[in-house]
Amino acid sequence: MRKPTIAGNWKMNLDRATALTLARTLREHVGTRDDVDVAVVPPFVWLAEVAAELEGSPLRVGAQNMCAHTEGAFTGEVSGSMLKGVGCHFVVLGHSERRHVYHETDAEIDAKVRRALDDGLDVTLCLGETIEERQAGATETVVRRQLTAGLAQVGKDEIARVTLAYEPVWAIGTGLTATPAQAGEVHQYLRGLAVGLFDDAVAASLRIQYGGSVKPSNAAELMAVDGVDGALVGGASLTADDFIPIIDFAR
Ligand code: PEP
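Everything numeric in this text was worked out from a predicted model, so none of it was measured.

Visitor: Whenever I open this one, the site of the ligand confuses me. Can you help?
Guide: Near the ligand there are 14 residues, and of these Lys11, Glu167, Gly173, Ser213 and Gly234 occur at the shortest range. Here an oxygen atom of the ligand and a side-chain polar atom of Lys11 are 2.7 Å apart. One of the side-chain nitrogen or oxygen atoms of Glu167 is found 2.7 Å away from an oxygen atom of the ligand. In isolation the ligand has 290 Å² of accessible area, and contact with the protein removes 96% of it. Grouping the constituent residues of the shell around the ligand by class yields 4 nonpolar, 8 polar and 2 charged.

So, in structure tokens, the structure goes:
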């Protein structure tokens, strides 16, 4: 049985006071319940304080990106061990904004996944097709390429530390959402690929979140889809009023 996992990607939003207040509100709401894994993914500069605020609660803290190198002359970058050092549990890699705005390649994402696991961070690996790729019938080709590259250096014994997030690029921040049927098809396809890359047991235990304009009004129907194990939420994770109902739908 896969436990649902809901993560809020705050992107480059929220000032310090608002971020800490939101973290505290979520902590109070989640309490000690463990029927859903809840996580927040704050901007780098708020990570340490948010992690301190959530210490001792079941909420997990993730980073939005990291460097593929351990240390050195990489101005502007942050290493996995630095993130681990401020209380991060995991890192989101391959987010569509990293792939399409910052032109990160599959090879770079593959290297970051390996480095994150070596640095003691779990990984949320994002994948998804653009609207042009979907219209060209290339959705499966694209997510297969992204999955194969992203997990190229991940061993079977490590896969429990990886969560996938299927996020169609055309649905991120646009208000457009994949239909439950569209999400279900791709989730099923990804799980089938995991059988080939690993085995049946790994595929059955692999958690695959859906992401792309998830909000309180559509969370229930997406969460009800067989094979959708929760959500990676952007815009609707910025306020407790929107994020808490999404957490509650996943339970
Ligand atoms: C995201 O940033 O991963 C995301 C899914 O954003 P939004 O929910 O705003 O579409």
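Visitor: Is there a simple way to explain the pairing of strand 3 (residues 60-63) in this structure?
Guide: If a strand is regular, its side chains alternate between the two faces of the sheet. Both strand 2 (residues 37-41) and strand 3 contribute to a ladder of 2 bridges, which runs parallel. For Val40, the partnering residue across the bridge sits in strand 3 and is Val61. Note on the crossover from strand 2 through helix 2 (residues 47-54) to strand 3: the handedness is right-handed. As judged from the 2 bridges shared by strand 3 and strand 4 (residues 90-93), these two strands associate in the parallel manner. Along strand 4, the bridge assignment pairs Ala63 with Val91.

Visitor: Quick question: what am I supposed to make of the environment of Lys11 here?
Guide: Mapped onto the secondary structure, Lys11 falls in the loop between strand 1 (5-9) and helix 1 (16-30). Considered as a pair, Lys11 and Ala160 are 149 residues apart in the sequence and their alpha carbons are 25 Å apart. Filtering out sequence-adjacent residues up to four positions away, Lys11 remains in contact with Val41, Pro43, Gln64, His95, Glu97, Ile172 and Gly234. A polar contact is formed between the side chain of Lys11 and the side chain of Glu97, at a distance of 2.8 Å.

Visitor: What's the story with the layout of surface pockets in this structure? I'm lost.
Guide: Estimated volume of the largest pocket: approximately 530 Å³. What lines the largest pocket is a set of 18 residues, among which Lys11, Met12, Gln64, Arg98 and Tyr102 lie closest to the centre. When grouped by side-chain class, the residues that make up the lining of the largest pocket number 9 nonpolar, 5 polar and 4 charged. The calculated volume of the second largest pocket comes to roughly 270 Å³.

Visitor: How should the nonpolar core be read in this particular structure?
Guide: What tends to happen in soluble globular proteins is that the nonpolar side chains get buried as a cluster. Formed by 70 residues in total, the largest nonpolar core has its most connected members in Ile6, Val123, Leu190 and Tyr210. Not counting chain neighbours up to four residues away, the residues in contact with Tyr210 comprise Tyr166, Pro168, Ala171, Thr177, Ala178, Ala183, His187, Leu222, Val228, Gly230, Ala231 and Leu232. Listed in part, the 8 residues of the second largest apolar core include Ala39, Val92, Cys126 and Ala165.

Visitor: I tried to follow the side chain of Arg191 on my own but got confused; where do I start?
Guide: With respect to the helices and strands, Arg191 occurs in helix 8 (residues 180-197). Arg191 sits in the buried class, given a relative accessible area of 13%. Of note is the side chain of Arg191, whose polar atom sits 2.5 Å from the backbone oxygen of Leu206. The residues contacting Arg191, other than those within four sequence positions of it, are Arg2, Ala203, Ala204, Leu206, Ile208, Gly227 and Asp229.

Visitor: Help me understand the pattern of salt bridges in this model?
Guide: Side chains that carry opposite charge are capable of pairing whenever their charged atoms lie near each other. The tally for this structure, following the rule as stated, stands at 19 salt bridges. Residue Arg98 is joined to Glu104 by a salt bridge in which the shortest nitrogen-to-oxygen separation is 3.0 Å. Owing to a relative accessible area of 22%, Arg98 belongs among the partly exposed residues under this scheme. A salt bridge links Asp118 to Arg114; its shortest N-O distance comes to 2.6 Å. Placement of the pair is Asp118 and Arg114 together in helix 5 (residues 106-118), with a separation of 4 residues, close to one helical turn. Accessibility expressed as a relative area gives 46% for Asp118, which makes it partly exposed. A single salt-bridge network, built from bridges that share partners, covers Arg2, Arg191 and Asp229.

Visitor: Just to check I follow, could you spell out the sheet that holds strand 1 for this structure?
Guide: Backbone hydrogen bonds hold the strands of a sheet together, and the pairing may be parallel or antiparallel. Sheet architecture is closed into a barrel: 8 strands sit in the order 1-2-3-4-5-6-7-8, paired in parallel fashion. Adjacent strand axes in the sheet meet at a mean angle of 25° when their direction is disregarded. Two elements, strand 1 and strand 8 (residues 230-233), share 4 bridges in a ladder whose sense is parallel. Its bridge partner being in strand 8, Ala7 is matched across the sheet by Leu232. Along the sheet face, helix 2 touches strand 2 and strand 3 and points at about 170° away from the line of strand 3.

Each value, and the rule that gives it
- Residues numbered from 1 in each chain as written.
- Predicted model: local features only at pLDDT ≥ 70, side-chain atom pairs only at ≥ 80, totals over all residues.
- Heavy atoms only, no water.
- Near = heavy atom within 4 Å.
- Polar contact = N/O pair within 3.5 Å; in protein donor to acceptor, adjacent residues only side chain to side chain.
- Areas by Shrake-Rupley, 256 points an atom, 1.4 Å probe, with all protein chains shown as cover.
- Nonpolar A, V, L, I, M, F, W, Y, C, P; charged D, E, K, R; others polar.
- Pairing = 2+ DSSP bridges.
- Helix = DSSP H or I, 4+ residues; strand = E, 2+ residues; numbered from the N terminus.
- Right-handed = clockwise from strand over helix to strand, strands pointing away.
- Contact = heavy atoms within 4.5 Å.
- 1 Å grid on protein atoms, 1.4 Å probe; cavity = no way out; pocket = protein on both sides within 12 Å on 5 of 7 lines; lining within 4 Å.
- Points joined across faces, edges and corners; volume = space filled by probe spheres on them.
- Core = buried A, V, L, I, M, F, W, Y, C linked by side-chain atoms within 4.5 Å.
- Buried < 20%, exposed > 50% of the residue type's maximum accessible area, 1.4 Å probe, protein only.
- Salt bridge = Lys/Arg side-chain N within 4 Å of Asp/Glu carboxyl O.
- Axes fitted to C-alpha atoms, helices over the stretch in contact; angles between N-to-C directions.

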